[in-house]
Amino acid sequence: MAGRGSGPDFVESLARGLDVLACFDADHRSMSLTEVATAAGLARPTARRLLLTLEELGFVRSTGGAFQLTPKVLTLGMAYVGALGLWDIARPHLESLVARTGESSSMAQLDGSDIVYVARVSVPKIIALRVDIGTRFPAAQTSQGKVLLAGLSADDLAATLAQPSRAGLPPYIGRSAEQLRDELTEIRARGWALADEELAPGVRSVAAPVRDGTGAVRAAMNVTVHAAETSTEQLLKEYLPLLLRTAGDVSAEWAMWQSRPHVELGQRKDESSA
């Protein structure tokens with residue numbers, strides 16, 4: 001459910017509409033009115049009005065009494081990615097990296113204590129977890145998440161780790177909070193992170209930071225392999241140097257994109273005098 005605000009400008013109906021959209025996922029692709037109302041914690045009449053509004057806007061469609069999301073929902077997430085300018089910059093680099101390694105590569109950003117995938121180029125390999133744009137995983141269990149956590153200040157790190165994950169995965173019990181902080185210190189110093197079957201059996205990945213024009217870590221890029229096919233030694237010896245070079249190139253181009261000159265158009269004379 002969307003967080004509830006207490007300010008005078010908080011729009012409850014908008015929050016409820018977002019709750020309805022958030023009800024749908026890979027396990028709930030099609031839902032009845034009653035199922036949506038229950039999942040969103042809404043009365044059936046309220047859920048019905050929200051669903052019909054979303055249907056009229058094109059974000060939801062109904063068939064035989066069941067509701068599904070439409071592809072238009074993707075515009076909400078892609079608007080964010082497009083505003084960053086990151087996908088257009090990263091795509092050719094990701095494609096080149098995947099062509100050289102034969103392995104999938106993704107980019108992610110932090111959202112609370114989770115990472116959210118914002119770009120991905122994949123190869124057709126069987127792996128334990130499905131990953132798409134918008135997929136959410138606990139940051140501390142992923143190589144990308146570790147890179148992003150390592151880029152935080154001590155206060156921000158503590159606040160981030162205190163937030164509950166919304167990924168729906170069981171917590172990782174193979175490492176204490178102190179061990180995680182020690183690992184993040186090492187990652188911060190060396191500039192990359194490894195996650196070896198911490199997220200799921202068979203999933204092994206290495207990640208590097210992507211920095212903005214100020215040098216701050218704003219995203220992370222990884223190479224993911226199947227542990228049965230690719231050893232840790234091969235991942236670090238062969239793929240990590242390529243990843244570090246690619247992440248550096250993306251960072252440099254993103255910094256240039258952010259520093260591009262822009263012109264703010266002033267108000268026209270006839271408009272200002274109207």
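Everything below is about the structure printed above this text.
Residues numbered from 1 in each chain as written. Predicted model: local features only at pLDDT ≥ 70, side-chain atom pairs only at ≥ 80, totals over all residues. Heavy atoms only, no water.

(A) Broad picture of a nonpolar patch on the surface. A cluster of nonpolar residues, Val11, Leu14 and Leu18, forms a patch on the protein surface that exposes about 270 Å² of accessible area. Relative to the elements of secondary structure, valine 11 occurs in the segment before helix H1 (12-22). Classification of valine 11 by relative accessible area gives partly exposed; the value is 44%. (Patch = residues over 30% accessible without salt bridge, like charges linked within 9 Å, V, L, I, M, F, W, Y side chains within 5 Å. Areas by Shrake-Rupley, 256 points an atom, 1.4 Å probe, with all protein chains shown as cover. Salt bridge = Lys/Arg side-chain N within 4 Å of Asp/Glu carboxyl O. Helix = DSSP H or I, 4+ residues; strand = E, 2+ residues; numbered from the N terminus. Buried < 20%, exposed > 50% of the residue type's maximum accessible area, 1.4 Å probe, protein only.)

(B) Region of interest: the sheet that holds strand S3 (residues 66-69). Read across the open sheet, the 3 strands follow the order S1-S3-S2; overall the sheet is antiparallel. Strand pairing shows two members of the sheet lacking a second neighbour, strand S1 (30-32) and strand S2 (60-63), which therefore form its edges. Going across the sheet, the axis of each strand differs from the next one's by a mean of 35°, ignoring polarity. Where S2 meets S3, 4 bridges bridge the pair, whose relative direction is antiparallel. Within S3, the residue paired with arginine 61 across the bridge is glutamine 68. Along the sheet, helix H3 (residues 44-57) contacts S2 and S3; its crossing angle with S2, the most-contacted strand, is approximately 110°. (Pairing = 2+ DSSP bridges. Axes fitted to C-alpha atoms, helices over the stretch in contact; angles between N-to-C directions. Contact = heavy atoms within 4.5 Å.)

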